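Survey of secondary and tertiary structure
One letter stands for each residue in the lines below.
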Amino acid sequence: MTREHLIKPLLTAHYPTIAYGKGVFLYDSEGKSYLDASSGAVTAGIGHGVQEIIDAMLAQAQKVSFVYRSQFTSEPAEQLAKRLSDLAPGHDYWSFFVNSGSEATETAMKIAIQYWQEQGVRGKTKVISRRMSYHGITLGALSMSGHVARRRRFIPLLEELPLVAPPYCYRCPFHLEASSCGMACADDLETVIKRIGAEHIAAFIAEPIIGAAGGAVVPPDGYYQQIKAICERHGILMIADEVMTGIARTGAMFGMEHWGVEPDLIALGKGLSAGYTPIAATLAKDHVMEPILAGSKIVMSGHTFSANPQSAAVSLAVLDYIEGRQLAKAAEEKGRCLLQALERVAEGCPIIGDVRGKGLLLGLELVADRAAKTPFAPAVGLTQRLVERAMAKGLLIYPAAGGVEGAGDAVIIAPPLVITNEEIDLLASRLEEAVHEVMEEVMG
Ligand code: PMP
């Protein structure tokens, strides 16, 4: 065998070589096509090979691709910041551009801490998150993440941050019924704040809909309103990690719109450029920036590629495309069709324990016994089996297992927002076949 040089996710696995993409399909170098039902990592929101984005890319590249933000600002970066402020819940946000979701959440954490420091409050340095959560892979972002499998090796390096119960109704952490639970999961935040002392806590961070660590877990209505009230009562900033949910994915431009909550800080990534170029952003409300503007006047963070005009121009073109075609609305409508299709698939597949999600961020939880909600033993590797089987059938889905101790296998189904009804049917039929085959394999 010839020597390899590229470090791939699983070093020993064989990955097909991508040739090109068009719409919701990807084609490998051997001519096999794949329906991209995960938009990669819930990223390629407008599908592949969109000419308008390619044109915008080229137009910006012909002017200038990179300038260092300590030397120049640029029209695309200024316009993108204004555009995001106009779109975000409650408006009045500043934007700090970065290159990945991990950088966006970590920057949000730093801005939250700096916000308190600029006011002379030095002890508020902890960020609370939830046990079922994923906020990124860098050490600060991973410290805020509950994701068990991704943390394990690095625990000695991670900051010990408090974790609260997730709003995970399928397996309620308090063993309560959704109709009468009194939202014990939201109250858990207040319990933990009181135990640790609000004087140590800068912020609380949450994904509006839990993605990689749970598989499109939607909280009960009223949850975020209660969370926001608790944050306000105790003088704690609220960070919405909209890296996966943001930019029309859930049927609204921002996930938090579903609950009418205006976070103090928002992290964006993935769909912001729909994958055409790396860009992510941390949005901070005016009132968060005020003490920084009055104080040191510098957000103490940044990356070489931050706010580069090339990525900002691409992101503007992606927003034009999404708004011009009303893709938030499309996500809601197509999401409803896809949810129904998945529910139909689940009828004949007892290993599908739960079908959930919002808009085109949907998830399946897979169980050995539907009535008892018994998870498969981790050794079965069910999520990976299903992802691989689906891929063999020309269907890409996203694994969301290993996020939390005791929870089962899960996958995310999140196709580009431009998916058609015929493509939804194809998705459902390939998925049904894959689930049936895996079911036969593991259940006999
Ligand atoms: N936050 C959330 C909610 C995510 O889903 C992800 C990526 N799966 C991240 C942060 C990290 O983003 P990135 O991989 O771009 O660093």
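Residues numbered from 1 in each chain as written. Predicted model: local features only at pLDDT ≥ 70, side-chain atom pairs only at ≥ 80, totals over all residues.

Further remarks concern the site of the ligand. Around the ligand sit 16 residues, and of these Ser 100, Gly 101, Ser 102, Val 243 and Met 244 come closest. Classifying every residue of the shell around the ligand by side-chain character gives six nonpolar, eight polar and two charged. (Near = placed C-beta within 6 Å. Nonpolar A, V, L, I, M, F, W, Y, C, P; charged D, E, K, R; others polar.)

The domains assigned to the protein chain are domain 1 (18–49 + 326–443) and domain 2 (53–324). The C-alpha-based centres of domain 1 and domain 2 are spaced at 25 Å. Residue-level contacts link 35 residues of domain 1 with 35 residues of domain 2. Those elements that provide at least two residues to the side of domain 1 that touches domain 2 are helix H1 (39–42), helix H11 (327–347), strand S11 (352–358), strand S12 (361–366) and strand S15 (409–413). (Domains from an automatic or database assignment. Contact = placed C-beta atoms within 7 Å. Helix = DSSP H or I, 4+ residues; strand = E, 2+ residues; numbered from the N terminus.)

Moving on, we get to the sheet that holds strand S1 (residues 18–22). Read from one edge of the open sheet, four strands run S1-S2-S3-S13, paired in mixed fashion. Of all strands in the sheet, those bounded by a partner on one side alone are S1 and strand S13 (395–396). (Pairing = 2+ DSSP bridges.)

Attention now moves to the pairing of strand S4 (residues 93–98). Most of S4 sits inside the fold, with five of its six residues counted as buried. As judged from the six bridges shared by S4 and strand S10 (residues 280–285), these two strands associate in the antiparallel manner. From the neighbouring strand, Phe 96 faces S10, where its bridge partner is Thr 282. (Buried ≥ 20, exposed ≤ 12 C-beta atoms within 10 Å, placed from the backbone.)

Core analysis: the biggest nonpolar cluster contains 140 residues, and Ala 112, Ala 203, Phe 204, Leu 237 and Ile 239 have the highest contact counts within it. Per element, the largest residue contribution to this core is nine residues, and it comes from helix H10 (residues 309–324). There are two domains that each give this core at least three residues, and those are domain 1 (18–49 + 326–443) and domain 2 (53–324). Contacts of Ala 203, omitting those with residues within four sequence positions, involve Met 109, Ala 112, Val 127, Ile 236, Leu 237, Met 238 and Ile 239. (Core = buried A, V, L, I, M, F, W, Y, C linked by C-beta atoms within 7 Å.)

Tracing the backbone shows Asp 187 in helix H7 (residues 184–196). Exposure remark for Asp 187: the 17 C-beta atoms within 10 Å place this residue in the partly exposed category. Distance in space between the C-alpha atoms of Asp 187 and Val 387 is 36 Å, their sequence separation being 200 residues.

With that out of the way, let us pick up the sheet that holds S4. Backbone hydrogen bonds are what pair the strands of a sheet, in a parallel or an antiparallel way. As summarised here, the arrangement of the seven strands in space is S4-S10-S9-S8-S7-S5-S6, forming an open sheet in which the pairing is mixed. A strand with exactly one partner marks an edge of an open sheet, and here the two such strands are S4 and strand S6 (163–164). Where strand S5 (residues 126–130) meets S6, two bridges bridge the pair, whose relative direction is parallel. Looking at S6, one finds that Ser 129 is bridged to Leu 163. Packing of helix H3 (residues 75–87) onto the sheet brings it into contact with S4 and S10, and relative to S4 it is tilted by some 130°. Here helix H8 (residues 223–234) sits on the sheet in contact with strand S7 (201–206) and strand S8 (237–241), set at roughly 145° to S8. (Axes fitted to C-alpha atoms, helices over the stretch in contact; angles between N-to-C directions.)

Bringing H8 into the picture now. Over its twelve residues, H8 extends 17 Å from the first C-alpha to the last, a length consistent with the 16 Å expected when each residue adds 1.5 Å. Here H8 has its buried residues at Tyr 224, Gln 226, Ile 227, Lys 228 and Cys 231. Its buried side turned inward, H8 meets H7, S7 and S8. Downstream of H8 by one or two residues, Gly 235 has phi in the positive range, about 65°. (Expected span 1.5 Å × (residues − 1).)

Right, let's get into the packing of helix H12 (residues 382–392) against helix H13 (residues 421–443). How two helices sit against one another is set out by the angle between their axes and by the gap between those axes. Their axes nearest at 9 Å, the elements H12 and H13 cross at an angle of 135°. Judged by the inter-axis angle, H12 sits oblique to H13. In this structure, H12 crosses over H13, and the sense of that crossing is right-handed. Counting all contacts with H12, which are made through Leu 382, Arg 385, Leu 386, Arg 389 and Ala 390, the residues of H13 involved are Arg 430, Leu 431, Ala 434, Val 435, Glu 437, Val 438 and Val 442. Partitioned by chemical class, the residues of the contact of H12 with H13 number eight nonpolar, no polar and four charged. (Parallel < 35°, antiparallel > 145°, perpendicular 65-115°, else oblique. Left-handed = near helix turned anticlockwise from the far one by under 90°.)

Attention now moves to H3. Because each turn of an α-helix spans 3.6 residues, side chains separated by three or four positions end up pointing in the same direction. Here H3 contains 13 residues, and its C-alpha end-to-end distance of 18 Å stays within 8% of the 18 Å for a straight helix at 1.5 Å per residue. Within H3 the residues assigned to the buried category are Pro 76, Ala 77, Leu 80, Ala 81, Leu 84 and Leu 87. Within H3, the buried residues cover an arc of 135° as seen down the axis, which keeps them to one side. The outward face of H3, more than 90 degrees from its buried face, is lined by the exposed residues Lys 82 and Asp 86. Taken together, the buried residues of H3 touch helix H2 (51–63), S4, S10 and H10. (Arc of directions from axis to C-beta.)

A word on unusual backbone geometry. The backbone of His 175 shows a phi angle near 55°, a positive value even though the residue is not glycine. As for its placement among the helices and strands, His 175 is situated in the loop between S6 and H7. Its 8 C-beta neighbours within 10 Å are what place His 175 among the exposed residues. Non-glycine residue Ala 248 carries a positive phi angle of around 80°. One can find Ala 248 in the loop between S8 and strand S9 (265–268). You can call Ala 248 buried: it has 29 C-beta atoms within 10 Å.

This next bit is on the environment of Pro 16. With respect to the secondary-structure elements, Pro 16 resides in the segment before S1. Counting along the chain gives 225 residues from Pro 16 to Asp 241, while the straight-line C-alpha distance between them is 32 Å.

Bringing the environment of Lys 63 into the picture now. Residue placement: Lys 63 occurs in helix H2. Residue class for Lys 63 comes out exposed when judged on the 12 C-beta atoms lying within 10 Å of it. Separated by 247 residues in the primary sequence, Lys 63 and Gln 310 place their C-alpha atoms 9.3 Å from one another.

This part takes up the confidence of the model for the protein chain. Across the protein chain, the average pLDDT comes to 96, with 99% of residues at 70 or higher. Predicted complex metrics record ipTM = 1.00 and pTM = 0.98. (pLDDT = per-residue confidence, 0-100.)

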